[in-house]
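Structure at a glance
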Amino acid sequence: MMAPMQQRVSFSDALSHGQADRRIDILRRIGVDGSISQAARAVGVSYKAAWQALDTLTNLAGVPLVERAVGGVGGGGTQLTAAGRQLLDAADAMAQARRSVFDGLEATGGPGAAAARLTVRTSMRNQWPCVVESLERLGPLVRVHLRGALQQGAGTGLAVCARITRESAELLALRRGVPVLALCKATAVRAAVLPAASAVAAPSLPNQWSGAITRVARGPLEHEVSAQLDAGVQIVGFARAAQALRVRGRVLLSVDESAVVLAAID
């Protein structure tokens with residue numbers, strides 16, 4: 001008889017995603033208040049966003065973090081499991097260690113902010129530090145308008161738009177001036193050769209950027225294209241193999257707003 005598969009527990013997965021948003025704060029408030037709705041109000045998010053945070057943390061940790069409490073003065077509620085309490089202890093220890101490291105870097109004039117961004121591990125090759133310029137509500141969604149840091153030799157910082165759910169915007173505590181990391185997969189970026197007549201024309205649609213090709217990796221169906229945008233940042237995308245791509249040639253790159261992922265930066 002085959003032995004039952006051991007349940008996978010991964011606090012590291014849960015904490016690697018939860019340090020820069022409100023998920024851990026929600027879990028902590030549930031431990032104090034014994035109520036998901038009260039925790040949501042205390043943290044300043046909707047009840048639906050609080051449940052989304054719990055679902056995400058539970059999936060990442062691999063074990064239940066909360067459970068129903070039966071009886072009591074209020075007739076029951078929600079309480080942390082042993083794993084939920086252990087996760088909070090681990091979060092406190094990680095936060096203290098992280099603060100010590102970055103405080104040391106800043107005290108010596110080191111690149112503390114850049115090092116913080118390196119703690120985000122992802123397969124996405126396009127990553128740009130940005131600041132939130134504005135939020136535009138679109139029913140259950142939010143369009144987040146971002147501006148990248150001004151690069152040397154560029155007239156303006158990279159303009160990026162991301163379309164996310166309202167709950168995600170709440171959990172990331174997004175507002176004007178908040179620093180974030182904008183990410184997108186290379187496979188989500190489409191590249192097209194710009195005709196000579198329009199090679200210097202400024203793109204007019206969101207998430208369309210022009211730039212110069214720096215590298216082409218040719219494939220049978222699609223070519224991988226690396227380019228330096230006029231905004232001064234690097235980007236990697238893909239173009240149809242039928243196009244005549246050459247290094248230093250002008251190219252237009254675009255990505256759908258829903259393919260841009262945001263990561264909050266502590």
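Per an unreviewed UniProt entry, the recorded name for the chain is Molybdate transport system regulatory protein, and the organism is Paracidovorax wautersii.

A tally of regular secondary structure across the chain gives seven helices and 12 strands. Within the span of the chain, comprising 266 residues, buried residues form 39% of the whole. Residue pairs at least 24 apart in sequence account for 61% of intrachain contacts in the chain once pairs closer than 6 positions are excluded. Of the roughly 14700 Å² of accessible surface on the chain, 55% is carried by carbon and sulfur atoms.

The residue Q228 is located in strand β9 (residues 222-229) in this model. The class of Q228 is partly exposed, set by a relative accessible area of 38%. Considering only alpha carbons, one finds Q228 and A212, 16 residues apart in sequence, at a separation of 5.4 Å. Setting aside its immediate chain neighbours within four residues, Q228 contacts G211, A212, T214, V233 and Q234. Of note is the side chain of Q228, whose polar atom sits 3.3 Å from the side chain of Q234.

This brings us to the side chain of R22. Considering the arrangement of structural elements, one finds R22 in the loop between α1 (11-18) and α2 (23-33). It turns out R22 is buried and unbridged, and the closest side chain with the opposite charge, E170, is 6.0 Å from it. For R22, the residues in contact, after removing those within four places along its chain, are V43, G44, V45, E170, L171 and A173.

Attention shifts here to the pairing of strand β6 (residues 179-184). Along a regular strand, successive side chains alternate from one face of the sheet to the other. Extensive coverage of β6 is indicated by the burial of five of its six residues. Two elements, β6 and strand β12 (residues 261-264), share four bridges in a ladder whose sense is antiparallel. In the sheet register, L183 faces β12, and the bridge partner there is V261.

All right, on to the packing of aromatic side chains then. For any pair of aromatic rings, the description consists of the separation of the ring centres together with the inter-plane angle of the planes. By the definition in use, this model includes two aromatic pairs. When the centroid spacing of 6.4 Å and the interplanar angle of 90 degrees are considered together, the rings of Y47 and W51 count as edge-to-face. Highlighted residues: Y47 and W51, both in helix α4 (residues 47-61), separated by four residues, approximately one helical turn. Overall, the relative accessible area of 35% leaves W51 in the partly exposed class. When the centroid spacing of 5.7 Å and the interplanar angle of 70 degrees are considered together, the rings of W128 and W209 count as edge-to-face. With W128 in strand β3 (residues 126-138) and W209 in strand β8 (residues 208-217), this pair connects stretches of sequence that are 81 residues apart. Here W128 and W209 have matching classes, each one buried.

Here the focus is the sheet that holds β12. The strand order across the open sheet built from five strands is β5-β4-β3-β6-β12, with neighbouring strands paired in antiparallel fashion. Each end of this open sheet is capped by a strand with a single partner; those strands are β5 (159-165) and β12. Averaged over neighbouring strand pairs, the angle between their axes works out to 45 degrees when direction is ignored. Here strand β4 (residues 141-148) runs beside β5; their pairing, made up of seven bridges, is antiparallel. Note on β5: the bridge partner recorded for R143 is R163.

The rules we used
- Residues numbered from 1 in each chain as written.
- Predicted model: local features only at pLDDT ≥ 70, side-chain atom pairs only at ≥ 80, totals over all residues.
- Heavy atoms only, no water.
- Helix = DSSP H or I, 4+ residues; strand = E, 2+ residues; numbered from the N terminus.
- Buried < 20%, exposed > 50% of the residue type's maximum accessible area, 1.4 Å probe, protein only.
- Contact = heavy atoms within 4.5 Å.
- Areas by Shrake-Rupley, 256 points an atom, 1.4 Å probe, with all protein chains shown as cover.
- Polar contact = N/O pair within 3.5 Å; in protein donor to acceptor, adjacent residues only side chain to side chain.
- Lys, Arg positive; Asp, Glu negative; His and termini not counted.
- Salt bridge = Lys/Arg side-chain N within 4 Å of Asp/Glu carboxyl O.
- Pairing = 2+ DSSP bridges.
- Phe/Tyr/Trp six-rings, centres within 6.5 Å; stacked < 30°, edge-to-face > 60°.
- Axes fitted to C-alpha atoms, helices over the stretch in contact; angles between N-to-C directions.

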